[in-house]
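Structural description and commentary
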Amino acid sequence: MKFLELVSESTQANVNASAGLVGDHRQGGTWELERRVMAKPPFSVDAMGKFDRVLTTQIFARSQVIDGKEIWFLGIPSGASVRIEADGVPVTIVQNSHK
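Attention in this report is confined to the structure presented alongside it. (Residues numbered from 1 in each chain as written. Predicted model: local features only at pLDDT ≥ 70, side-chain atom pairs only at ≥ 80, totals over all residues. Heavy atoms only, no water.)

Before going further, it helps to spend a moment on a nonpolar patch on the surface. Residues Phe-43, Val-45 and Met-48 make up a contiguous nonpolar surface patch of roughly 320 Å² in combined accessible area. Topologically, Phe-43 is positioned in the loop between β2 (35–37) and α2 (45–50). (Patch = residues over 30% accessible without salt bridge, like charges linked within 9 Å, V, L, I, M, F, W, Y side chains within 5 Å. Areas by Shrake-Rupley, 256 points an atom, 1.4 Å probe, with all protein chains shown as cover. Salt bridge = Lys/Arg side-chain N within 4 Å of Asp/Glu carboxyl O. Helix = DSSP H or I, 4+ residues; strand = E, 2+ residues; numbered from the N terminus.)

And the structure:
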C-alpha cells in the first residue's frame, strides 16, 4: 500500500490497484480493483478558503511584428492575472472585468 500512496502523492492522481490478477476470469483474473488511494488536494483547506478566483488554462499568447518590433498579445479571462517574465523583469498582467 505504501507504493500506491507514493504514486498517488507524486502524481496527484487517484490510484486503483489489485493484489491479484486483473483481466479475464478464465485466466484467473478479475476486474475488481480492491485497493484505492485517493489523491490529497494540492492546496490546504486554509488556502482554498482564502482563494476568491478560479484557476484557468484559457490563456493564449501570440506575437506579431509591427514596424520591426515584436509585439505580444495575451488573452486571459476577465478577472484573471498572469505573471510572466519579460527581458528578465517579472511582469504581472491583470485583466479587469468591466460591467
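A few words now on unusual backbone geometry. Phi at Gln-12 takes a positive value of approximately 55°, unusual for a residue other than glycine. Despite not being glycine, Asp-67 shows a phi value in the positive range, around 50°. Structurally, Asp-67 is set in the loop between β3 (60–66) and β4 (69–75).

Moving on: the pattern of salt bridges. The tally for this structure, following the rule as stated, stands at 2 salt bridges. A salt bridge links Asp-24 to Arg-26; the nearest nitrogen and oxygen atoms lie 2.9 Å apart. Overall, the relative accessible area of 66% leaves Arg-26 in the exposed class. Its salt-bridge partner being Asp-46, residue Lys-50 comes within 3.3 Å of it at the nearest N-O pair. Residue Lys-50 and its partner Asp-46 are located together in helix α2, separated by 4 residues, close to a single helical turn. (Buried < 20%, exposed > 50% of the residue type's maximum accessible area, 1.4 Å probe, protein only.)

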